[in-house]
Amino acid sequence: MTPFTLTNVERLDAAAAALDVPFEMDEDAFRAFYDRTARPLWAYLARITGDRQAADDLLQEVYYRFLRANVRFDDEAHRRHYLFKVATNLARDGYRRKATAPDLVAGRVEQEPADRAASRRTDARLDLTRAFARLKRRERELLWLAYAQGSSHQEIGAALGLKTGSIKPLLFRARQKLAALLRGTGSHHA
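Quick caveat: nothing in here was measured; it's all calculated off a predicted structure.

Caption draft 1: Layout of the nonpolar core. Among the nonpolar cores identified, the biggest contains 42 residues, and Leu-41, Tyr-44, Tyr-63, Phe-66 and Ile-156 are the most heavily contacted of them. Contributing elements (two or more residues each) for this core: α2 (27–49), α3 (52–68), α4 (76–98), α5 (116–133), α6 (137–148), α7 (153–160) and α8 (164–183).

Caption draft 2: Highlighting the pattern of salt bridges. Overall, the coordinates contain seven salt bridges when judged by the stated rule. Residue Glu-76 pairs with Arg-79 through a salt bridge whose shortest N-O separation is 3.6 Å. Of this pair, Glu-76 and Arg-79 both sit in helix α4, three residues apart, which is roughly one turn of that helix. Here Asp-127 and Arg-130 are joined by a salt bridge, their closest N and O atoms 3.9 Å apart.

Caption draft 3: Quick peek at α8. With 20 residues, α8 should cover 28 Å at 1.5 Å per step; its first-to-last C-alpha distance of 30 Å lies within 8% of that length. Residues Ile-167, Leu-171, Ala-174, Leu-178, Ala-180 and Leu-181 constitute the buried set of α8. Looking one or two residues past α8, Gly-184 carries a phi angle of roughly 85°, positive in sign.

Caption draft 4: Molecular detail of α7. Residues of α7 that are buried: Ile-156, Gly-157, Ala-159 and Leu-160. Down the axis, α7 shows its buried residues gathered within 165° of arc, on one side only. Note on α7: the residue one or two positions beyond its end, Gly-161, has a positive phi of about 70°.

Caption draft 5: Quick look at the side chain of Thr-88. With respect to the helices and strands, the residue Thr-88 is situated in helix α4. In this structure the side chain of Thr-88 is engaged in a polar contact, spanning 2.8 Å, whose partner is the backbone oxygen of Phe-84.

About the cut-offs
- Residues numbered from 1 in each chain as written.
- Predicted model: local features only at pLDDT ≥ 70, side-chain atom pairs only at ≥ 80, totals over all residues.
- Heavy atoms only, no water.
- Core = buried A, V, L, I, M, F, W, Y, C linked by side-chain atoms within 4.5 Å.
- Buried < 20%, exposed > 50% of the residue type's maximum accessible area, 1.4 Å probe, protein only.
- Helix = DSSP H or I, 4+ residues; strand = E, 2+ residues; numbered from the N terminus.
- Salt bridge = Lys/Arg side-chain N within 4 Å of Asp/Glu carboxyl O.
- Expected span 1.5 Å × (residues − 1).
- Arc of directions from axis to C-beta.
- Polar contact = N/O pair within 3.5 Å; in protein donor to acceptor, adjacent residues only side chain to side chain.

Worth remembering: the numbers are spatial, not functional.
If you want it as structure tokens, here you go:
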């Protein structure tokens, strides 16, 4: 993950001042916020795009847009959900430009694990990665926000632009599809 440096913050602050865009967080507050949110946001981007390098680029763009936004945030949770909404929109824009599903290449295990339990965990992780890659973009977004991020249905709806009432059935279907893919019974055109 590429760190956001002080020089980047200073440049954004100067650019915001030049454009009369308020920069409401001081450097220390931004650094603390970044430290709390960058890793989970990067993991979300990497998972929904299937591309670690794209996640690096998108992460920087998300924080850049966050700092440039002329939005009054109520609290930490509001800031965090704004980040995920911007990240989701940027990732979707990338899909639209690409017009193809991302190819997720599972990383190779360089050494054979010495113990069978480690081998089973590695196999399970690769199976999950492959199955997750076969889900539709929205299904990946829903599952990641719900189970990796622990977001509520209201938060997921706000981040993805969906009605709160539709989250539960969409999550149910996404879980069912992932389970079928893990069992090997999923459709091959997913």
